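Chain by chain, the residues run as shown.
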Amino acid sequence: MAVRNTRKNIVIGEILQLKAKRRSQFERCAIALAAILAAVMGRMLLESMGIIPDNSIITGGVMMAITIALAVVGGTASIEATKCSNTINGLRNKYGVTDEDIKNYKAAIAEE
C-alpha cells in the first residue's frame, strides 16, 4: 500500500517530525539536569577530598555560572518541547489525526 501525498499524510509526517524534535528536547533537558547534579556533587567531592578549599569564592562563582548556564539550556529545551507538544495537539485537532492514522502511516512507510 503506497502512501498517497494527501494533506492528512503530510500533516502526519509533520507530526512525526515534531515528535522526534520533542523527544530530543526532553533529552537535552534531562542531560542539563544531570550535568547540574554532577557539577554540584563533583564540587562537594572535591571539597571533601581537600582538592579545592571549602567555601571558596572562586569555586562558588564558577559553580553559579555553570549551574545558571545549564539551567538556561534545560529551560529553553523544556520550552521548545512544550511548543512542539502544543503544535502537535493543534495539528491533530485541526486535521482529525488519530493514533491509528499515525500507526497506519508508519506501517505504510515501512512497507515501501
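Residues numbered from 1 in each chain as written. Predicted model: local features only at pLDDT ≥ 70, side-chain atom pairs only at ≥ 80, totals over all residues. Heavy atoms only, no water.

Q: Help me understand the pattern of salt bridges, please; the structure alone is not making it clear to me.
A: Side chains carrying opposite charge are able to pair once their charged atoms draw close together. Taken as a whole and assessed by the stated rule, the structure comprises 5 salt bridges. A salt bridge links Arg92 to Asp99, with the nearest nitrogen and oxygen atoms 2.4 Å apart. One connected set of salt bridges, linked through shared partners, spans Lys21, Glu80 and Lys83. (Salt bridge = Lys/Arg side-chain N within 4 Å of Asp/Glu carboxyl O.)

Q: Explain the environment of Leu70 here, please?
A: Looking at where Leu70 falls in the secondary structure, it is placed in helix α2 (residues 57-95). For the pair Leu70 and Ala34, spaced 36 residues apart in sequence, the C-alpha separation works out to 9.5 Å. Apart from the residues lying within four places of it in its own chain, the contact partners of Leu70 are Ala32, Ala35 and Ile36. (Helix = DSSP H or I, 4+ residues; strand = E, 2+ residues; numbered from the N terminus. Contact = heavy atoms within 4.5 Å.)

Q: Would you mind showing me how to read helix α1 (residues 7-49) here?
A: Each α-helix turn comprises 3.6 residues. Residues three or four places apart therefore point the same way. Under the 1.5 Å per step criterion, the end-to-end length of α1 is 62 Å for 43 residues, consistent within 8% with the ideal 63 Å. Turning to α1, its buried residues number three or more, namely Asn9, Val11, Ile12, Gly13, Ile15, Leu18, Gln25, Cys29, Ala32, Ile36, Ala39 and Glu47. In the core, the buried residues of α1 are packed alongside α2 and α3 (99-111). Following α1 by one or two positions, Gly50 adopts a phi angle in the positive range, close to 85 degrees. (Expected span 1.5 Å × (residues − 1). Buried < 20%, exposed > 50% of the residue type's maximum accessible area, 1.4 Å probe, protein only.)

Q: It is not clear to me how α2 should be interpreted in this structure. Could you clarify?
A: Taking 1.5 Å as the rise per residue, α2 with 39 residues should run 57 Å; its terminal C-alpha atoms sit 57 Å apart, in good agreement. Of all the residues in α2, the buried ones are Thr59, Met63, Gly74, Ala77, Ala81, Cys84, Ser85, Ile88, Leu91 and Arg92. Turning to α2, the residues buried within the fold contact α1 and α3. For α2, the N-terminal cap is Ser56; the gap from its side-chain oxygen to the backbone nitrogen of Ile58 is 3.4 Å. (Polar contact = N/O pair within 3.5 Å; in protein donor to acceptor, adjacent residues only side chain to side chain.)

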